[in-house]
Amino acid sequence: MAFQTNNRIIKWIDYRLPVFSFAHHSLIEYPTPKNLSYWWNFGSLAGIMLVVQIVTGIVLAMHYTPHVDHAFASVEHIMRNVNYGWLIRYMHANGASMFFIVVFIHIFRGLYYGSYKSPREVLWFLGVIILLLMMATAFMGYVLPWGQMSFWGATVITNLFSAVPYVGDSIVTLLWGGFSVDNPTLNRFFSLHYLLPFVIVGVVALHLVALHQHGSGNPLGIDRKGPQDSIPFHPYYTVKDLFGLGVFFIFFAFWLFYAPNALGHPDNYIPANPLVTPAHIVPEWYFLPFYAILRAVPDKLGGVVLMFGSILILFLLPWLDTSRVRSGRFRPIFKQFFWVFVLACLALGWAGAQPPEGLPLAISRVATVYYFAYFLVILPLVGWFERPRPLPASISEPVLGAGKMAAQPAREKA
Amino acid sequence: MSSTQVSGAHGGATRRDFLYVAAGAFGAVGAAAAVWPFIHQMNPSADVLALSSTEIDLSQIPEGMGITAVWRGKPVFVRHRSAKEIEEAQAVALADLPDPEPDAKRVQKPQWLIMVGVCTHLGCVPLGQQGDFGGWFCPCHGSHYDTSGRIRRGPAPKNLEVPPYTFIEENRIRIG
Ligand code: HEM
Ligand code: FES
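Our subject in this report is the structure included herewith. Owing to the predicted nature of the structure, the values given are computational and were not obtained by experimental measurement.

1. A closer look at the packing of helix α6 (residues 121–143) of chain A against helix α7 (residues 148–159) of chain A
All names here are of chain A.
Okay, step 1: With their axes 7 Å apart at the nearest point, α6 and α7 run at an angle of 135° to one another. Relative to α7, the element α6 is oriented oblique. In contact with F139, Y142 and V143 of α6, α7 contributes M149, S150, G153, A154 and I157.
Okay, step 2: Residue composition of the contact of α6 with α7, by class: six nonpolar, two polar and no charged.

2. Description of unusual backbone geometry
Okay, step 1: Cis geometry marks the peptide bond from S118 of chain A to P119 of chain A, where omega comes out at 5°.
Okay, step 2: Relative to the elements of secondary structure, P119 of chain A occurs in the loop between α5 (85–113) and α6.
Okay, step 3: Here the residue pair H234 of chain A and P235 of chain A is connected by a cis peptide bond, since its omega of 5° sits within 30 degrees of zero.
Okay, step 4: Structurally, P235 of chain A can be placed in helix α10 (residues 233–258).
Okay, step 5: The phi angle at Y166 of chain A is positive, at roughly 65°, despite the residue not being glycine.
Okay, step 6: For Y166 of chain A, the position within the fold is in the loop between α7 and α8 (168–176).
Okay, step 7: In this model, R72 of chain B sits at a positive phi of 50°, which is unusual for a non-glycine residue.

3. Things to note about the environment of V325 of chain A
Okay, step 1: Of note, V325 of chain A is situated in the loop between α13 (317–320) and α14 (332–352).
Okay, step 2: Distance in space between the C-alpha atoms of V325 of chain A and P390 of chain A is 10.0 Å, their sequence separation being 65 residues.

4. A short note on the sheet that holds strand β5 (residues 127–128) of chain B
All names here are of chain B.
Okay, step 1: Judged by pairing direction, the sheet is antiparallel, and its four strands sit side by side in the order β5-β6-β7-β8 without closing on themselves. Only two strands of the sheet have a single partner each, and these edge strands are β5 and β8 (151–153).
Okay, step 2: Inspection of the sheet shows strand β7 (residues 143–146) paired to β8 by two bridges, in the antiparallel sense. In the strand pairing of β8, H144 is matched with R153.

5. Details of the pattern of salt bridges
All names here are of chain A.
Okay, step 1: Using the criterion set out here, one finds 15 salt bridges over all chains in the structure.
Okay, step 2: The salt bridge involving E76 is made with R80; its shortest N-O contact spans 3.0 Å. Of this pair, E76 and R80 both sit in helix α4 (residues 71–80), four residues apart, which is roughly one turn of the helix.
Okay, step 3: Look at R80 and you get exposed, because its relative accessible area is 65%.
Okay, step 4: Two residues, D223 and R326, come together in a salt bridge whose shortest N-O distance is 3.2 Å. With a gap of 103 residues between them, D223 in the loop between α9 (183–214) and β2 (230–232) and R326 in the loop between α13 and α14 connect regions that are remote in the sequence.
Okay, step 5: Residue R326 is classed as buried on the basis of its relative accessible area of 13%.
Okay, step 6: When salt bridges that share partners are traced, they join K117, D321, R331 and E386 into one network.

Cut-off values and rules
- Residues numbered from 1 in each chain as written.
- Chains lettered and ligands numbered in written order.
- Predicted model: local features only at pLDDT ≥ 70, side-chain atom pairs only at ≥ 80, totals over all residues.
- Heavy atoms only, no water.
- Axes fitted to C-alpha atoms, helices over the stretch in contact; angles between N-to-C directions.
- Helix = DSSP H or I, 4+ residues; strand = E, 2+ residues; numbered from the N terminus.
- Parallel < 35°, antiparallel > 145°, perpendicular 65-115°, else oblique.
- Contact = heavy atoms within 4.5 Å.
- Nonpolar A, V, L, I, M, F, W, Y, C, P; charged D, E, K, R; others polar.
- Pairing = 2+ DSSP bridges.
- Salt bridge = Lys/Arg side-chain N within 4 Å of Asp/Glu carboxyl O.
- Buried < 20%, exposed > 50% of the residue type's maximum accessible area, 1.4 Å probe, protein only.

Here's what the structure looks like:
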């Protein structure tokens, strides 16, 4: 049903700038598979978190001072003096964690249900680009309060680039604008921390264009056969997304009001001191798995390459997974390796928070090997050898046609 | 330019191809020239570059002790080494070192070890008189340095850097 209205003003505008028909088309009538599970809520949650970060961030920027002598004090000023400053800052700091929780779940949803497979490869790439931009944004945001973890996190992470052969040191000097992390670094990080979220908004828009081109995937991983397999986005999924949002905000509010500093590190309440490194520096929790990979390798360049490689490898995923069945639900062997992969990621996260020695180091090494083996060896081979379970004939069949229609054998590989 | 010659046989295309390539090349050079200021502005500014130097009075540092000075925003370790430390540093076989360098090349006077206190792995400040080699230990990712500040074990690839310094008096140095 196309967009219709009797309001003459809306008609007048829409004839010249079709924003109303566009919104109608993509938020109301947009045909959506009727079998989406709650795992499909996390995309819209991520979008909401981006808005939360931008709104709270712009407010923080009205009270924050990007200078090494004032940054720490200005954040304390926000916490103590600014009306509701504590609330807005805690929303922003915990909001970053919530954003990552949501996006990580969103990504694992994609990994399990094969959302990266044809024809959604570009949609997947745009998602990986968003992840990289988010990581850069969150890293630079964490530097802004200019505490000990801010300073030493910035030092260690920017120094990663010194591993680049020949030009490494010049790159690091360029990033710092000096010979160590200092005022020029803080200033540019603030500028970029303000900019990048809006770049993310742009990439999210492309992400949605790519999504709407072929429509959402679904837990069965089969294409829609006709109109009987879809329902309009509104009211069905608007309501479901809003319900999920309510539940998620309860979770967010728990951290915000009962444990606002639990996800942060106490050392960041000590002002930055360029002459003393804290005994045990750790990044924010959402970087721990990558940090564990960095430290699992006893070689500087090797560690850096594997750390960046662990994300860049996601760009190759559509070709590394050779199975033609999308959904993990019909892939008995894949499923098992997938859950071990989830476990390996959690183990990396745990090991990343421990000192790099003994058992944690051993675990991070095993998990790193599994992480890469999963993509480079397991996925290509399993797709080849595995015999998938029979796929249902249509999205409606498992619900409506049970008994009437016999399950079809899995599509044979060409 | 080779395309000019190839298409030259067909007459009129020659000049067009040439203009096309020349215009493209000028455009590319112009764009690069316009981009450079926007990259170079990120490099250290004139005031940061203005060579700062630091003077240190060594007479206050007894044997077996050290101080941490600041030079260009970085910590500099100044250590008055004991005879034992010097002996250990000189006794190491070069073949045992990941970044081979004799102790004599790292000091001007054996009792004074002066180096930038920044781990060559990812830039933390190592802790003095710790680790398995009696020198420095970096807690960030576990690099061990010896009594000459040379890397012995761990992820750091290089020895601690020795900054340029001169003895301006018997017991006074200028770094930088
Ligand atoms: C992708 C969205 C964003 C993420 C993931 C993010 C993340 C972060 C993080 C992790 C911090 C450190 C919080 C702390 O520990 O105190 C921070 C601080 C800050 N952010 Fe953002 N941010 C985002 C968007 C923005 C935007 C759009 C602005 C607008 C200017 C902004 C302004 C600030 C300011 C001023 C601070 C310093 C105050 C403080 O530390 O609380 N942020 N950000
Ligand atoms: S920074 Fe010293 S070991 Fe990594």
